[in-house]
Amino acid sequence: MRLTPVMERYILHWGEMGTRWGVNRSVAQIHALLYLSPQPLQADEIAETLSIARSNVSTSLKELLGLGLVQVSHVMGDRRDHFAALKDVWRIFLSIVEARRAREIDPTLSMLRQCALDAEDDRTTDREVKARIGDMLNFMESTTEWYQQMRAMPQSKLVSLMKLGARIAKFVK
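Remember, predicted model here, so these are calculated numbers, not experimental data.

Asker: What am I meant to see in helix α5 (residues 89-121) here?
Answerer: Structural remark: α-helix, 3.6 residues per turn; residues separated by three or four positions point the same way. Between its terminal C-alpha atoms α5 stretches 47 Å, which fits the 48 Å expected from 33 residues at 1.5 Å a residue. At arginine 101, α5 shows its maximal bend, which comes to roughly 40 degrees. Within α5, the full set of buried residues consists of Trp90, Ile92, Leu94, Ser95, Ala99, Arg101, Leu109, Leu112 and Ala119. Tucked inside the fold, the buried residues of α5 contact α2 (25-36), α4 (54-67), α6 (127-152) and α7 (155-164). Here α5 starts with a cap whose side-chain oxygen sits 2.7 Å from the backbone nitrogen of tryptophan 90, and that cap is aspartate 88.

Asker: Whenever I open this one, the nonpolar core confuses me. Can you help?
Answerer: What tends to happen in soluble globular proteins is that the nonpolar side chains get buried as a cluster. The biggest cluster of nonpolar side chains holds 23 residues, and the ones touching the most others in it are Ile30, Leu33, Leu34, Ile46, Leu50, Val57 and Leu61. Counting only elements with at least two residues in this core, the list comes to α1 (5-20), α2, α3 (43-50), α4 and β3 (78-85). In terms of residues, this core owes the most to one element, α2, which gives five residues. The residues touching leucine 34, leaving out its near neighbours within four places in the chain, are Leu41, Ile46, Leu61, Val70, Phe83, Ala85 and Lys87.

Cut-offs used in this document
Residues numbered from 1 in each chain as written. Predicted model: local features only at pLDDT ≥ 70, side-chain atom pairs only at ≥ 80, totals over all residues. Heavy atoms only, no water. Helix = DSSP H or I, 4+ residues; strand = E, 2+ residues; numbered from the N terminus. Expected span 1.5 Å × (residues − 1). Bend = angle between axes of the 7 residues up to and from the residue. Buried < 20%, exposed > 50% of the residue type's maximum accessible area, 1.4 Å probe, protein only. Contact = heavy atoms within 4.5 Å. Polar contact = N/O pair within 3.5 Å; in protein donor to acceptor, adjacent residues only side chain to side chain. Core = buried A, V, L, I, M, F, W, Y, C linked by side-chain atoms within 4.5 Å.

Shown next, in the form of structure tokens:
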């Protein structure tokens with residue numbers, strides 16, 4: 001695949017942003033390439049296009065598959081796997097959020113719940129500390145519940161809700 005200067009800039013920037021989001025640069029660059037590619041690509045083509053070692057491409061593709069951002073497809077007459085990224089930005093966003101929730105939020109909620117339980121009977125932990133742990137737990141549970149409600153909402157309603165922006169405050173008393 002031949003990259004234009006605009007495509008190169010996009011892929012390089014996506015790789016840089018990936019490192020800030022906690023994702024390996026190669027993983028982010030491969031995702032960017034597959035997102036921009038009009039057709040699925042096989043691993044050797046990805047490695048050649050991005051000048052990345054084939055083993056790094058394989059590892060990165062496994063991670064992208066695990067995140068639900070890439071799918072395997074097959075081409076008639078070719079036994080090799082071809083890879084295509086999700087093209088719908090909403091599905092990409094929701095896949096990333098879901099993965100981060102599972103990796104970051106769920107373990108934090110479990111830890112907070114256990115700390116709150118342990119603190120109930122712990123006479124050495126100050127009441128103010130217990131209250132702060134409880135406040136954080138309540139906040140995390142509330143935002144998680146809000147996320148679950150938004151996740152269940154049809155995409156068209158989510159888009160409309162986002163477009164309302166701050167105007168939605170008019171409906172809240």
